[in-house]
Amino acid sequence: MRKLTYFIACSLDGFIGDPDGDATAMMSFLDEEYLAYLGSEYPETVATHGRRALGIDDLPNKRFDTLIQGRGSYDLALREGITSPYAHLREYVVSSTLKDSPDPNVEIISDDPIGKVRELKAEDSEFGIYLCGGAKVAGALVDEIDELIIKSYPLVYGTGMPMFETGFAISEFALESVRAFGNGVVVRTYSRKR
């Protein structure tokens, strides 16, 4: 069975962006060492236009072949005129308001995201499923998440968009690895305890 991995950037206090979801403050930490790590370990998590700008568009997918994101995350790309931000992956957008996809590579999940994730997890593939965000879709899928990869940036927001927007429920994960970078970013990988 394939894994659903929530691969997410957040502040030290657990916010993935300001109250509107803007995370541009984290962009200043994308230095040479950290970008080399992302390019070598998680090239498919870099958006297509970013891959082209970095000259890594030809790198094969290493861990994921499918992406799921919420409408808010997808809107960030749409505002820039990008209708398929991860064209190198199968893209799904969870949205109850976006009825028609603006791109043939992007499928809209308008109801039952849990059922769709279970269907995707049951596929026969060596690759996993990348949950890109945001808080609402992560909250809806929290029980389906098998792995968390949290990129903690040395920033404190004080308030903002949390990693999960959900009711109170405790889910336990086990720490698998930690990687620290000279710029202060720490990447922690956790697997769900079942």
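Structure first, text after, so check above.
Read on for a plain summary of the structure. (Residues numbered from 1 in each chain as written. Predicted model: local features only at pLDDT ≥ 70, side-chain atom pairs only at ≥ 80, totals over all residues. Heavy atoms only, no water.)

## Quick look at the overall build of the protein chain
Regarding its fold elements, the protein chain presents five helices and 10 strands. Taking 2.2 N^0.38 as the reference for a compact globule, 194 residues should give roughly 16 Å; the C-alpha atoms of the protein chain span a radius of gyration of 16 Å, in line with that estimate. C-alpha extents for the protein chain along the principal axes are approximately 40 × 40 × 35 Å. Look at the contacts in the protein chain between residues 6 or more apart in sequence, and 69% of them connect residues 24 or more apart. About 9800 Å² of surface is accessible on the protein chain, with carbon and sulfur atoms providing 52% of the total. Computing the positive centroid from 20 side-chain charges and the negative centroid from 31, the protein chain places the two 3 Å apart. (Helix = DSSP H or I, 4+ residues; strand = E, 2+ residues; numbered from the N terminus. Rg over C-alpha atoms; globule rule 2.2 N^0.38 Å. Contact = heavy atoms within 4.5 Å. Areas by Shrake-Rupley, 256 points an atom, 1.4 Å probe, with all protein chains shown as cover. Lys, Arg positive; Asp, Glu negative; His and termini not counted. Charge placed at Lys NZ, Arg CZ, Asp CG, Glu CD.)

## Quick look at the pairing of strand E10 (residues 186–192)
The pairing of strand E7 (residues 147–153) with E10 spans six bridges and is classified as antiparallel. Residue pairing for E10: Lys-151 is matched across the bridge by Val-187. Of the pairings in the sheet, the one linking strand E9 (residues 173–180) to E10 comprises seven bridges and is antiparallel in character. When the sheet's bridge partners are listed, Ala-174 is paired in E10 with Ser-191. The hairpin turn running from E9 into E10, its antiparallel successor, is five residues long, and Gly-184 in that turn takes a positive phi close to 95°. (Pairing = 2+ DSSP bridges.)

## With respect to unusual backbone geometry
Cis geometry is found at the peptide bond from Gly-133 to Gly-134, where omega equals 5°. For Asp-112, which is not a glycine, the phi torsion comes out positive at approximately 55°. Here Asp-112 lies in the loop between strand E5 (106–109) and helix H4 (113–121). For Asp-112, a relative accessible area of 49% corresponds to the partly exposed category. (Buried < 20%, exposed > 50% of the residue type's maximum accessible area, 1.4 Å probe, protein only.)

## As for the environment of Tyr-74
If you trace the backbone, Tyr-74 turns up in helix H3 (residues 71–78). In this structure, the C-alpha to C-alpha distance between Tyr-74 and Val-94, residues 20 residues apart in sequence, is 9.2 Å.

## Brief notes about the nonpolar core
Nonpolar side chains in soluble globular proteins tend to end up buried together. Membership of the largest hydrophobic core comes to 23 residues, with the highest contact counts inside it found for Tyr-6, Ile-68 and Leu-131. Breaking this core down by element, the ones donating at least two residues are strand E1 (4–11), strand E4 (90–94), H4, strand E6 (128–133), helix H5 (135–140) and E7. In terms of residues, this core owes the most to one element, E1, which gives four residues. Excluding its chain neighbours within four sequence positions, the residues that come into contact with Leu-131 are Leu-4, Thr-5, Tyr-6, Phe-7, Ile-68, Val-137, Ala-138, Leu-141 and Ile-145. If you look at the next biggest cluster of nonpolar residues, it comprises 20 residues, including Phe-29, Tyr-34, Tyr-37 and Leu-89. (Core = buried A, V, L, I, M, F, W, Y, C linked by side-chain atoms within 4.5 Å.)

In short, shape yes, function no, at least from these values alone.
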